[in-house]
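Below are the chains, spelled out letter by letter.
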Amino acid sequence: MSIRIAPSILSADFAALGEEIRKVEEAGAHLIHVDVMDGHFVPNITIGPPVVKSIRKTTKLPLDVHLMISDPDKYIPAFVDAGADMLTVHAEATIHLDRTLNFIRSQNIGAGVSINPATPVRNVEHAVALADMLLIMTVNPGFGGQTFIPYTVEKIRQARQLIENRNYRCVIEVDGGIDTDTVPDVVRAGAEVLVAGSAIFHSPEPARKVREMLEIAASVGYHHGYV
Ligand code: DX5
Ligand code: ZN
């Protein structure tokens, strides 16, 4: 299983986004993670569809758009038009998660579902059948630069087991506090897509950090749940 790195531009220099993205793209990043916050579902406000549209023009990498917003259904068409390749909604933010995931799929882009640290994996046991990606938050969403919450590793293991037992094609993404020190634990537990914001963009050499994370992930490997 190959590990993919998704730099989160939340910690990048917003006045130089094109250049920041180019650096990580050249270093081998696989996706660009875009954090959308509404000041309601999470206590912070970031960016919306116009910025996604501009980023779309600067990179060929898939845009992995993480919607930390209430009532996401309302905004899905705008993000699809802006060029998102993957839209992830929070299970806690939508009442009809099944309908929301089906709606995203009907737009011919990837559909992701995310759960906060305090939300058990079993809450999305059935919904993951409809999802291309399950995003397990490893911090409480809202801000970059927070400390990884250790108990989330057990949730990654549970999710991996669920997905393998039922033969789902859903990939597991982790987000929050991911750096070279936490990569081994999440990869061993079964995470495949690693989001990292401050670790990459606050480092003096973002490209080097991407390569380091990939090397560490490759050296750890994933042992099919027997960890
Ligand atoms: C947190 C966001 C993350 C954030 C991660 O709410 O969803 O994507 O950018 O930042 P780091 O990697 O700094 O924890
Ligand atoms: Zn995110």
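Only a predicted model underlies this, so the values are computations on that prediction, with no experimental measurement involved.

A. Focus on the overall build of the chain. Within the chain, the secondary structure is distributed over 8 helices and 8 strands. Against the compact-globule benchmark of 17 Å for 227 residues, the chain has a radius of gyration of 16 Å, which places it among compact chains. In terms of its C-alpha atoms, the chain occupies a principal-axis envelope of roughly 45 × 40 × 30 Å. When burial is assessed residue by residue, the chain has 55% of its 227 residues classed as buried.

B. Up close: unusual backbone geometry. For aspartate 71, which is not glycine, the phi torsion reads 50° and is therefore positive. When you line up the elements, aspartate 71 lands in the loop between strand 3 (63-68) and helix 3 (76-82).

C. Quick peek at the site of ligand 1. In the vicinity of ligand 1 there are 20 residues, among which Asp35, Gly142, Gly145, Asp175 and Ser198 approach most closely. A distance of 2.8 Å separates an oxygen atom of ligand 1 from a polar atom in the backbone of glycine 145. Within the backbone of glycine 177, one N or O atom sits 2.8 Å away from an oxygen atom of ligand 1. Relative to its unbound accessible surface of 380 Å², ligand 1 loses 99% to contact with the protein. Element by element, the count of residues in the shell around ligand 1 is highest for strand 2 (residues 32-37), at 3 residues. Grouping the constituent residues of the shell around ligand 1 by class yields 8 nonpolar, 10 polar and 2 charged.

D. Looking closely at the sheet that holds strand 5 (residues 110-115). Pairing is parallel in the open sheet, where 8 strands are placed in the order 1-8-7-6-5-4-3-2. Strands with a single pairing partner mark the edges of an open sheet, and in this sheet they are strand 1 (4-7) and strand 2. Neighbour-to-neighbour, the strand axes of this sheet turn through a mean angle of 25°, independent of strand direction. Inspection of the sheet shows strand 1 paired to strand 8 (residues 193-196) by 4 bridges, in the parallel sense. Considered in strand 8, the bridge of alanine 6 is made with valine 195. Lying over the sheet, helix 2 (residues 49-58) contacts strand 2 and strand 3, oriented at roughly 165° with respect to strand 3. Sheet strands touched by helix 4 (residues 97-106): strand 4 (86-90) and strand 5. Its angle to strand 5, the strand with the most contacts, is close to 150°.

E. Representation of the pattern of salt bridges in the model. Counting across every chain of the model gives 14 salt bridges. A salt bridge links lysine 74 to aspartate 71; its shortest N-O distance comes to 3.8 Å. By relative accessible area, which is 38% here, aspartate 71 ends up partly exposed. One salt bridge connects arginine 166 with glutamate 125, and the closest N-O pair in it is separated by 2.5 Å.

F. Layout of the packing of helix 1 (residues 17-26) against helix 2. Here helix 1 crosses helix 2 at 50°, and the two axes come no closer than 10 Å. In this view, helix 1 runs oblique relative to helix 2, as classed from their interaxial angle. As for the relative orientation of helix 1 and helix 2, their crossing is right-handed in sense. Along its contact with helix 1, which presents Leu17, Gly18, Ile21 and Glu25, the element helix 2 presents Val51, Ile55 and Thr58. Residues that form the contact of helix 1 with helix 2 fall into these classes: 4 nonpolar, 2 polar and 1 charged.

G. Region of the structure containing the coordination of the zinc ion (ligand 2). Here the zinc ion (ligand 2) is held by the protein donor atoms His33 (NE2), Asp35 (OD), His66 (ND1) and Asp175 (OD), which lie 2.0 to 2.3 Å from it. The site at the zinc ion (ligand 2) holds 6 donor atoms, and with the angles between them running 71 to 168°, its shape is octahedral. For the zinc ion (ligand 2), all donor residues lie on one chain, and their spacing in sequence is H-x1-D-x30-H-x108-D. Residue histidine 33 is located in strand 2, and its partner histidine 66 is located in strand 3; the two are separated by 33 residues in the primary sequence. Histidine 66 carries the same exposure label as histidine 33, and that label is buried.

Scoring rules and cut-offs
Residues numbered from 1 in each chain as written. Chains lettered and ligands numbered in written order. Predicted model: local features only at pLDDT ≥ 70, side-chain atom pairs only at ≥ 80, totals over all residues. Heavy atoms only, no water. Helix = DSSP H or I, 4+ residues; strand = E, 2+ residues; numbered from the N terminus. Rg over C-alpha atoms; globule rule 2.2 N^0.38 Å. Buried < 20%, exposed > 50% of the residue type's maximum accessible area, 1.4 Å probe, protein only. Near = heavy atom within 4 Å. Polar contact = N/O pair within 3.5 Å; in protein donor to acceptor, adjacent residues only side chain to side chain. Areas by Shrake-Rupley, 256 points an atom, 1.4 Å probe, with all protein chains shown as cover. Nonpolar A, V, L, I, M, F, W, Y, C, P; charged D, E, K, R; others polar. Pairing = 2+ DSSP bridges. Axes fitted to C-alpha atoms, helices over the stretch in contact; angles between N-to-C directions. Contact = heavy atoms within 4.5 Å. Salt bridge = Lys/Arg side-chain N within 4 Å of Asp/Glu carboxyl O. Parallel < 35°, antiparallel > 145°, perpendicular 65-115°, else oblique. Left-handed = near helix turned anticlockwise from the far one by under 90°. Donors = N, O, S within 2.8 Å, 3.2 Å for Na, K, Ca; no water. Tetrahedral: all angles 85-135°; square planar, octahedral: opposite > 155°, others 65-115°.

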